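# Chain and residue survey
For reference, the chains in residue letters:
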Amino acid sequence: MLDALAELLHEQSFGKITVQDLLRRAHVGRATFYAHFQDKDDLLLTSFVRMLEAMTRQLDAEPPGSPRWVPVTEFFEHVRSARPLLQMFEESGRLPIMWRLATLHFARSIEPRAGSAFVARFLAGALIEVLQWWLEAREPPAARTVERDFHALAHAVVRSAR
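Residues numbered from 1 in each chain as written. Predicted model: local features only at pLDDT ≥ 70, side-chain atom pairs only at ≥ 80, totals over all residues. Heavy atoms only, no water.

### Re the pattern of salt bridges
Considering all chains together, one arrives at eight salt bridges under this definition. Asp41 is paired through a salt bridge with Arg94; the nearest N and O atoms lie 2.3 Å apart. Here the residue Asp41 occupies a position in helix α4 (residues 40-57), and Arg94 occupies one in the loop between α6 (83-91) and α7 (95-114), the gap between them amounting to 53 residues. The exposure class assigned to Asp41 is partly exposed, which follows from its relative accessible area of 26%. Arg68 is the salt-bridge partner of Glu147, the closest N and O atoms lying 2.3 Å from each other. Placement of the pair is Glu147 in helix α9 (residues 143-161) and Arg68 in the loop between α4 and α5 (72-81), with a sequence separation of 79 residues. The pair formed by Glu147 and Arg68 is uniform in burial state, with each residue classed as buried. Among the charged side chains, a network of salt bridges with common partners joins Glu62, Arg68, Glu74 and Glu147. (Salt bridge = Lys/Arg side-chain N within 4 Å of Asp/Glu carboxyl O. Helix = DSSP H or I, 4+ residues; strand = E, 2+ residues; numbered from the N terminus. Buried < 20%, exposed > 50% of the residue type's maximum accessible area, 1.4 Å probe, protein only.)

Set out below in structure tokens:
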């Protein structure tokens, strides 16, 4: 289903995609679809959360004590490559919930390292704001530069909060 959604999103806007389109593309029945998803919005959000989880799993390969808490470079570059989809989600009114899901996801990832739910939410919210700024910037810095600066600031915030 997730692959079918991705394929269809490259062909038409999310608003025009029907559950029937998804069923046809994925070669599954209606009962199978509804056994896993409430509607196409649920499928979309599930797809987004799985992408976030895949990004975060990359950090599992980092050595213990790594200063990286969030896969900033990978996340920023992925979002930039999906810019047409972002515009589509913005037009459909779904982008704010996606930003909120990303904030909550990254806050959960940061919290064990930061030692505080408040600091984790602060940093995750800042990350999403920086991402939005980066996407809007005429000449944004390299994603790796943003990652370096984000983690330097994140570590400083944690040190000052302790």
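### Some thoughts on the side chain of Thr103
Turning to its location among the elements, Thr103 is positioned in helix α7. Residue classification places Thr103 among the buried positions, given a relative accessible area of 12%. Each residue touching Thr103, except ones within four places of it in the same chain, is listed here: Arg121, Ala124, Gly125 and Ile128. (Contact = heavy atoms within 4.5 Å.)

### Comments concerning helix α1 (residues 2-9)
If you check which residues of α1 are buried, you get Ala4, Leu5, Leu8 and Leu9. Viewed end-on, α1 has its buried residues packed into an arc of 130°, placing them on one side of the element. Looking at the packing, one finds that the buried side of α1 touches α2 (19-26), α4 and α6. (Arc of directions from axis to C-beta.)

### Concerning α7
Between its terminal C-alpha atoms α7 stretches 27 Å, which fits the 28 Å expected from 20 residues at 1.5 Å a residue. At Arg108, α7 shows its largest kink, close to 30°, and the proline Pro112 lies no more than four residues downstream. All of the buried residues in α7 are Leu95, Met98, Trp99, Ala102, Thr103, His105, Phe106, Ala107, Ser109, Ile110 and Ala114. Summarising the contacts, the buried residues of α7 are in contact with α4, α5, α6, α8 (117-136) and α9. Just beyond α7, the residue with positive phi is Gly115, at close to 80°. (Expected span 1.5 Å × (residues − 1). Bend = angle between axes of the 7 residues up to and from the residue.)

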